[in-house]
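Observations on the three-dimensional arrangement
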Amino acid sequence: MLVFSDVRKSYRNLEVLKGLTLSVPRGSLFGLMGQNGAGKTTLLRIAAGLLALDSGELLVGGIDVRRDPARAKRLIGFVPDGFGAYDNMSVAEYMSFFASCFGLYGRSARLRTEDLLQRVGLSARQDSLVTELSKGMQQRLSLARALIHDPELLVLDEPTNGLDPGSRFSLRELLGELSESGKTILLSSHVLSELSEICTDIAVLDKGRVRATGEVQEILRQIANSNPLRVAVLNGEKTALRMFRTNPCVRAVMQEGKQFHLEFIGSPEDEASLLQQLIDAEVPVKSFVREPGTLESFFLNMTVGREERIIVHDEDESDM
Ligand code: ADP
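Residues numbered from 1 in each chain as written. Predicted model: local features only at pLDDT ≥ 70, side-chain atom pairs only at ≥ 80, totals over all residues. Heavy atoms only, no water.

As recorded by an unreviewed UniProt entry, the protein carries the name ABC transporter domain-containing protein and is attributed to Stomatobaculum longum. UniProt lists a comment for the protein under the heading Sequence similarities (unreviewed entry), and it reads "Belongs to the ABC transporter superfamily." (UniProt positions renumbered as here; feature names shortened; annotations may be inferred.)

Written out as C-alpha cells, the structure reads:
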C-alpha cells in the first residue's frame, strides 16, 4: 500500500531521513517504532502528503506522490499528534467542516458524520464543543474526521500519547475493528508492548533509517530464538563449562561461580538437547531458564550500541 524507496528528507542542513526504504503491505496494521527524533513524524507526514520528500520515491497504492499528489492524498486519512485549536465549534460542525473539504455537503455529509460518530462512540456528543471533550474523545473525533472521505490508508502519529488506560484500550479496539474492515493502518508509538498487541507488522526506525522490519510474529520468534540462557548447577561446573564451550548454539559464556549466563542462539529443541547433555553427564542442574523475549529487548538490540547495553561480568575461571 505504501512503498518508500531510498527516501531522503532534510530540514535545512539536518538530514532526518537518510535513504529510507520501507514497505507497508496492504491490509496490515503497521507499527513504526523509534525513539524521539528518529524521524517517525517526518516519515508519517511525508506518507500523508503533508511534507515533500527531497529525493527517492514514494508510491501510495501504486501512485507516485510526486506525479499525482492529489490522487495519492485521497487514499489517506491522517491523524496528527495533537488535536489543534478549534474553539467554539461543536462536534457536528467540526465534522461537517472536514466533510466539505472533501466535497461532501448536506444530507450525504450528515449521514456520513452520523455513521462515523457512531463508529467512534461519540453519537451522544454531537452538540458538545470539541474543546469540552476529553483527550480520548478528541482522539476518537480526530479519527472520525480522518475517515470522512473513506480512505484506504489511515496514518496515525503517536495516537495513544497522553491517553489514560481506558481510552488507550478503546482506541486499540477501534483500530482493530478498522483493520478488520479492510483499512491499512500505519501508526507510530514508543509504547512497544502496545504495538506487539495490535500490530501485524512493525519497523524499527533509528536515526533516519529502517533497522528491521517484518511481521510481528516472525520478529517475536526471532527474539525467542536469540534470548540468553541462565543455568545454575549445584556442582560439576567444570564439566558444564566444557559442554557450553563446545555447544554450537552457545556464542559466549559468562560464569559467576556455579551460575552461567549463555548467549544462546537456538530453538527450544536445541535448548532441551543442551539440558539433556548436562543430565547425561550427571551434572546436577539447579535451574535452567531461557530469558523471556520482549519487543523492548529487540528494539534495544537494534538501536542501542552494544557497548551501551551489555553489562558483562568478568568470566570467573577460579575453579578451573
Ligand atoms: P520523531 O517523530 O521520531 O520524534 P521527527 O520526525 O519529529 O522525529 O524529528 C526528527 C528530527 O528532525 C528531530 O531532530 C527534530 O528536531 C527535527 N525536526 C523535525 N521537524 C523539524 C522542522 N520543521 N524543522 C527543523 N527540524 C525539524
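Looking now at the site of the ligand. The full set of residues close to the ligand is Tyr 11, Leu 14, Val 16, Gln 35, Asn 36, Gly 37, Ala 38, Gly 39, Lys 40, Thr 41 and Thr 42. One nitrogen or oxygen atom from the main chain of Gly 37 is found 2.7 Å from an oxygen atom belonging to the ligand. The separation between an oxygen atom of the ligand and a polar main-chain atom of Lys 40 is 2.9 Å. Put simply, the parts of the chain that give the shell around the ligand at least two residues each are strand S2 (14-24) and helix H1 (40-47). (Near = heavy atom within 4 Å. Polar contact = N/O pair within 3.5 Å; in protein donor to acceptor, adjacent residues only side chain to side chain. Helix = DSSP H or I, 4+ residues; strand = E, 2+ residues; numbered from the N terminus.)

The next point concerns the UniProt feature "domain: ABC transporter" (unreviewed entry) in the protein. The sites that carry the UniProt feature "domain: ABC transporter" (unreviewed entry) are, in the present numbering, residues 2-232. The straight-line gap between the two end C-alpha atoms of residues 2-232 is 49 Å; of that span, 36% is helix and 28% is strand.

With that settled, the discussion passes to the nonpolar core. Counting residues in each nonpolar core, the largest one holds 46 residues, and the members touching the most others are Leu 141, Leu 143, Leu 154 and Leu 175. Residues in contact with Leu 141, not counting those within four places in the same chain, are Phe 83, Val 91, Tyr 94, Met 95, Leu 117, Leu 122, Val 130 and Leu 133. If you look at the next biggest cluster of nonpolar residues, it comprises 31 residues, including Phe 4, Ile 76, Leu 186 and Leu 205. (Core = buried A, V, L, I, M, F, W, Y, C linked by side-chain atoms within 4.5 Å. Buried < 20%, exposed > 50% of the residue type's maximum accessible area, 1.4 Å probe, protein only. Contact = heavy atoms within 4.5 Å.)

Before going further, it helps to spend a moment on the domain arrangement of the protein. The assigned domain composition of the protein is domain 1 (2-215) and domain 2 (225-319). Spacing between the C-alpha centres of domain 1 and domain 2 amounts to 43 Å. A combined buried area of about 830 Å² lies between domain 1 and domain 2, and 79% of that area is made up of carbon and sulfur atoms. In terms of surface lost to domain 2, no three residues of domain 1 exceed Gln 35, Leu 192 and Val 204, which account for 45% of the buried area on that side. Linking domain 1 with domain 2 are 0 salt bridges, by the criterion used here. At the junction of domain 1 with domain 2, the criterion picks out 0 residue pairs in polar contact (both at pLDDT 80 or more). Looking at the side of domain 1 that touches domain 2 residue by residue, the class counts come to 6 nonpolar, 4 polar and 3 charged. (Domains from an automatic or database assignment. Buried area = accessible area lost by both parts, 1.4 Å probe. Salt bridge = Lys/Arg side-chain N within 4 Å of Asp/Glu carboxyl O. Nonpolar A, V, L, I, M, F, W, Y, C, P; charged D, E, K, R; others polar.)

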